[in-house]
Amino acid sequence: MKQSEQQEQEFLSVCCSRDYELLTGEKTMTQKDYVRITYLVNALGYTQYLQLLIGRYMDMALIEEEHEEREHEIYLEYPEYYEDEGIFEEMEQWIDDFIKTVPKEKREYYRQAIARKEEVTSMLRKKNYHNLADNPYITVYTGTGSFEDKEVVKITTGSEVLRIKAPQIFINTGSETVIPPIEGIKDNPSVYTNTSIMEMKELPERLVIVGGGYIGLEFASMYASFGAKVTVLESYPQFISREDRDIADSVKETLEKKGISFILNAKVQEIKGNTVVYRNAENGETHVLDADAILLATGRRPNTRELRLEAAGVEGNESGAIIVDEFLKTTNPQIRAIGDVKGGLQFTYISLDDYRIIREDLFGKQQRTLNDRDPVSYSVFIDPPLSR
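Since this is a predicted model, take the numbers as computed values, not measurements.

(A) Structural context of the overall build of the chain. Scanning the chain from terminus to terminus reveals 10 helices and 17 strands. Within the span of the chain, comprising 388 residues, buried residues form 40% of the whole. The long-range share in the chain, meaning contacts at least 24 apart out of those at least 6 apart in sequence, stands at 62%. Element-wise, carbon and sulfur atoms account for 49% of the exposed surface of the chain, whose accessible area totals about 21900 Å².

The structure is reproduced here in structure tokens:
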């Protein structure tokens, strides 16, 4: 049966929308799907169809309801595209070949993405550095800083030790990854933090993420989109407990459709090489998971351990966060803390708003404080994003 060019394009557009999930096993393939995909391969050619499928539907977008209805209409108009049973053996071989091809394509996309990330971050670091270093009123020291007393900071560089005294000192040392006391983590080449995993040049086929918070979910979504088989181990019984249950359930369902597996109540006991041993907190059963990479997404804490805050009269809380008042002054009023180092929400724009509070306090009318900041909007960069 001969179709008009417009009818054929409509058929191709409607049908390609869900093929990625079918061909990679995300959804169950029916007899109708087998025949339809064969038609598409014949109509477009193998290479063009493959490029269309990988390029346009890499995000595994679900087919819209109206497309499903239109596909049924197309089935009624062109039943021979769906009912030819003689092509199934040929199709099965093509499917096998296709599934082997997609991961290769995705691995290359991952390599390109990491290379591009290196270019962008290197450029931004240089730009930010020179924005400061090239200013005649600013001196940049590269080294490790710690307090000697309430107004003196010691800086240890690669070649010398310097001491700087100032009437106003601002701490903005950020946060660091929490490394849990799990046996087998130290010096394990299979274990990564959210920083070090971004240096990995090859896409892991199996990624186990320890921790189901926002950082863990963002990496789970990203690596699943690249084609990794992702399993998230969450120690708590509830998925993203901060969110309303309907929102949390929707996020979980969306990520599971990307092929991500979630195991709740999972208490990691040890890591043996590239094998994660965890215990189910509900029934006490022990399980193991093999992985090509293990990501620790177990939270972040203020980066204060090497600062010797006590020497400066600066107090912190039990998590290491610096205690501040509404104007970001510490228990030593000459010293202020900005951003992640004081605890609370860890977003770049929070640090920027901290600057605004200090600027207003020093040079303005002292009208901005921490007390008038709420509510704070935030986004979780999963696919699709969660924002509120």
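Next comes the rest of the write-up.
(B) Broad picture of the confidence of the model for the chain. On average, residues of the chain carry a pLDDT of 83, and 73% of them reach 70 or more. The model gives residues 55-67 a pLDDT under 50, and that stretch makes 28 contacts with residues more than four places away or in other chains. Here residues 84-88 is modelled with pLDDT under 50, and outside its nearest four sequence neighbours on either side it reaches 7 contacts, counting other chains as well.

(C) Just the pairing of strand S7 (residues 206-210), in detail. Within S7, 4 of the 5 residues are buried, which leaves it mostly tucked inside the rest of the structure. Regarding the hand of the β-α-β motif, the stretch spanning S7, helix H8 (residues 214-226) and strand S8 (residues 229-233) is right-handed. As judged from the 4 bridges shared by S7 and strand S13 (residues 293-296), these two strands associate in the parallel manner. Looking across to S13, one finds that Ile-209 is bridged to Leu-295.

(D) Fine view of the sheet that holds S7. With parallel pairing, 5 strands are arranged side by side in an open sheet as S6-S13-S7-S8-S9. In the strand order of this sheet, the two ends are held by strand S6 (191-192) and strand S9 (261-263), each with one partner.

(E) View of the pattern of salt bridges. The full count for this structure, using the stated rule, is 21 salt bridges. The closest approach of N and O atoms between Glu-270 and Lys-272, which form a salt bridge, is 3.8 Å. Where Asp-354 meets Arg-373, a salt bridge forms, and the shortest distance between an N and an O atom there is 2.5 Å. Here Asp-354, found in helix H10 (residues 348-363), pairs with Arg-373, found in the loop between H10 and strand S16 (379-380); they are 19 residues apart in sequence, far enough to count as distant. Here the two residues Asp-354 and Arg-373 agree in accessibility, since each one is buried.

Definitions and limits used
- Residues numbered from 1 in each chain as written.
- Predicted model: local features only at pLDDT ≥ 70, side-chain atom pairs only at ≥ 80, totals over all residues.
- Heavy atoms only, no water.
- Helix = DSSP H or I, 4+ residues; strand = E, 2+ residues; numbered from the N terminus.
- Buried < 20%, exposed > 50% of the residue type's maximum accessible area, 1.4 Å probe, protein only.
- Contact = heavy atoms within 4.5 Å.
- Areas by Shrake-Rupley, 256 points an atom, 1.4 Å probe, with all protein chains shown as cover.
- pLDDT = per-residue confidence, 0-100.
- Right-handed = clockwise from strand over helix to strand, strands pointing away.
- Pairing = 2+ DSSP bridges.
- Salt bridge = Lys/Arg side-chain N within 4 Å of Asp/Glu carboxyl O.

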